[in-house]
Each structure stands twice: as C-alpha cells, then as structure tokens.
Amino acid sequence: MAEEMTIENYLAAGGVLTNPTNVPPRYRAELMKLMATFVDSELAGAAGFADVINSGPGIKERIAAAKIVLEKTDNADKVLRIMGDFGADADRYANNHPWTARLERDADIGTSRSDHDMRLAVFNYPLQGWVDSVAMNLLMSRAVVIQLTEFSMISYQPLAEAFRTITPIETRHAELAAEGTIKLIEEDQADALQASVNYWWPRVAASFGSTSSTKAGALKEMGLRKSTNAELKTRWQAEATTLLESLGLHRP
C-alpha cells in the first residue's frame, strides 16, 4: 500500500489548499502574517491618502484620491474576510489600530514594522501634500502590483483568487499615479516631484523586505512564494526606473 502523502509534501509538489481545515501550523502562521501585512498596509495607505484628498488641485484629482481610499479599504476587507475564516475578529479588527499614525519625516526605520500593526515600513512615513502623495503612489503602486502578481499564485486558493481580483484595481491606481505625475510635470512641478521620488525610492525599496532573508526556501515549499525578496525588488527597480525615465524623471 502506497504511503499517504503528507500535506507538507502535497504543498511542496505544487498542491493547493481551499479551506482552513488541516492547515499545518507553520503554514497558517505564515499565511496569517501575509494577510495581516496586506490588510494593515492597505488600511494605513488608505488613511494616508484620505488626509490629502482635499490637497488635490482640482475635482478630478480629488475624485481619484477618494477612489483610491475607497478601493484600498475594500481590498483590505476582501482579505480580512479570509482572515476571519481563520478566527480573526473581522468586525473589530479595523478599529483596533491607529491607521493614521506616522513617524517623523526624517525617521529611518529600514524594514522595521510599527509597534501598532503589521503595515509595511513605508506606510509609517507621512505624506507632505499633493505632489508628494503622487510621487509616493507612483513608486509604491508599482511595487504593490509586483507583489500582488506574486501573491496571486500562492497555494491557498481563496486568497490567491482574492489577490487576482485585487490586482487590476491596484494596477489602475498605478495608472492614476502616472496620469497625475504627467499633469504635475505639465504644471512645472518636475523638481518637486523629483525631490519626492528621491525621498520615497529607498523607503519603497525597503518594502520588499530583507534581501538576505533565509525564509524563501521554506515559503516556496509551502507554495506561499515563488520569487525571493531580492528578485521582486530587482523587478521593481527595473520597472520603476523605466517608468520614471518615460516621465522625464530619474531614480536617485
């Protein structure tokens, strides 16, 4: 009689899971961390953009910013519902963290998380007005799309499907950022944009995590990653550099 395949071997062979039943403890822990990081980053990002809606120079820009806030909050809710399947209190979750909390502008925390939640480090820095928010969105939205493309292939099927639904929404946010950048350049704001790009570039780069992480192999075996942090960061650097050059800006 053939030996029964373990869940760990099943995942390592490319298998997928469809519900919380029999999920191995380490897999559950890594999956919850991934979901919490996404949810917290979306909610913190939405809170930051909410503060600059009224800085938009026109109605169209304010509508775009409000749309981003709404959709990021909705994206967080999609993943939070899946966390609820694993026992998270989805109703209380969003009220338990100070999403608008930010550090000083010149703080340097590298890849560290905040004491409040699991948001990516980049969402601990404050936006300074409209131009700065457009520059940050230009760089970060490209990073988010790259990360979501990766997460859309993970082995927990309900979450992979949620990320596949979210990816085109976040891709549109990247397009809005590019449109906003073009308009600001037409209004002679290129120098201010470049200054903000210089500020945000290393902070967005840090959102890919440590390039010396030793967890990639284990995450690949669980089907929770296909690429390393370094590979994703390199992909972002190449795409963001090309994007900036197409707009008449440059990477620091």
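Residues numbered from 1 in each chain as written. Predicted model: local features only at pLDDT ≥ 70, side-chain atom pairs only at ≥ 80, totals over all residues. Heavy atoms only, no water.

A.B. asks: Outline the packing of aromatic side chains, supporting the account with residue identities and numerical values.
C.D. replies: All told, the structure shown has 8 aromatic pairs when counted by the stated rule. Taken together, a centroid distance of 6.3 Å and an interplanar angle of 90° make the contact between Tyr125 and Tyr199 edge-to-face. In this pair, Tyr125 is assigned in the loop between α4 (90-93) and α5 (129-151) and Tyr199 in helix α7 (residues 190-205), connecting sequence segments 74 residues apart. When its relative accessible area of 4% is taken as the criterion, Tyr125 is described as buried. Among the aromatic side chains, those forming a connected cluster through ring pairs are Phe38, Phe151 and Phe163. When the ring centre of Tyr199 is taken as origin, the NZ or CZ atom of Arg105, which lies over that ring, is 3.7 Å away. For Arg203, the ring lying beneath its charged end belongs to Tyr199, and the centroid distance is 3.8 Å. (Phe/Tyr/Trp six-rings, centres within 6.5 Å; stacked < 30°, edge-to-face > 60°. Helix = DSSP H or I, 4+ residues; strand = E, 2+ residues; numbered from the N terminus. Buried < 20%, exposed > 50% of the residue type's maximum accessible area, 1.4 Å probe, protein only. Lys NZ or Arg CZ within 6 Å of the ring centre and 35° of its normal.)

A.B. asks: Residues and numbers for the side chain of Gln194, please.
C.D. replies: One can find Gln194 in helix α7. When neighbours within four sequence positions are excluded, Gln194 is seen to be in contact with Leu249 and His250. (Contact = heavy atoms within 4.5 Å.)

A.B. asks: Break down helix α3 (residues 59-85) for me, citing the residues and quoting the values.
C.D. replies: Given 3.6 residues per turn, any residue in an α-helix points the same way as the ones three and four places further on. Look at α3: 40 Å from first C-alpha to last across 27 residues, which is about the 39 Å you get at 1.5 Å a residue. Looking one or two places after α3, you find Gly87, whose phi comes out positive at around 105°. (Expected span 1.5 Å × (residues − 1).)

A.B. asks: Residue-level account of the nonpolar core, with values.
C.D. replies: If you look at soluble globular proteins, the nonpolar side chains tend to sit buried side by side. Grouped together as the largest cluster of nonpolar side chains are 77 residues, with contacts concentrated most on Leu159, Phe163 and Trp236. Those elements that place two or more of their residues in this core are α2 (25-50), α3, α5, α6 (157-186), α7 and α9 (229-246). Each residue touching Leu159, except ones within four places of it in the same chain, is listed here: Leu31, Leu34, Met35, Val79, Ile82 and Ile154. (Core = buried A, V, L, I, M, F, W, Y, C linked by side-chain atoms within 4.5 Å.)

A.B. asks: Would you mind going over unusual backbone geometry in detail, with residue names and values included?
C.D. replies: Its identity as a non-glycine residue notwithstanding, Asn22 has a phi of 65°, on the positive side. Mapped onto the elements of the fold, Asn22 is located in the loop between α1 (7-12) and α2. Here Asn22 falls in the exposed class, since its relative accessible area comes to 61%. The phi dihedral of Asp188 is positive, around 60°, even though this residue is not glycine. With respect to the helices, strands and loops of the structure, Asp188 is situated in the loop between α6 and α7. On the basis of relative accessibility, which here comes to 72%, the residue Asp188 falls in the exposed class.

A.B. asks: Run through the pattern of salt bridges, naming residues and quoting values.
C.D. replies: Per the stated rule, a full pass over the model turns up 11 salt bridges. In this structure, Glu42 engages Lys72 in a salt bridge whose closest nitrogen and oxygen atoms are separated by 3.2 Å. Here Glu42 is found in helix α2, whereas its partner Lys72 is found in helix α3, with 30 residues between them in sequence. The buried category is assigned to Glu42, whose relative accessible area is 3%. When its relative accessible area of 5% is taken as the criterion, Lys72 is described as buried. Across the pair Arg172 and Glu175 runs a salt bridge whose closest N-O atoms are separated by 3.2 Å. Placement of the pair is Arg172 and Glu175 together in helix α6, with a separation of 3 residues, close to one helical turn. A relative accessible area of 32% means that Arg172 is categorised as partly exposed. Linked through salt bridges whose partners overlap, the residues forming this network are Glu42, Lys72 and Glu170. (Salt bridge = Lys/Arg side-chain N within 4 Å of Asp/Glu carboxyl O.)

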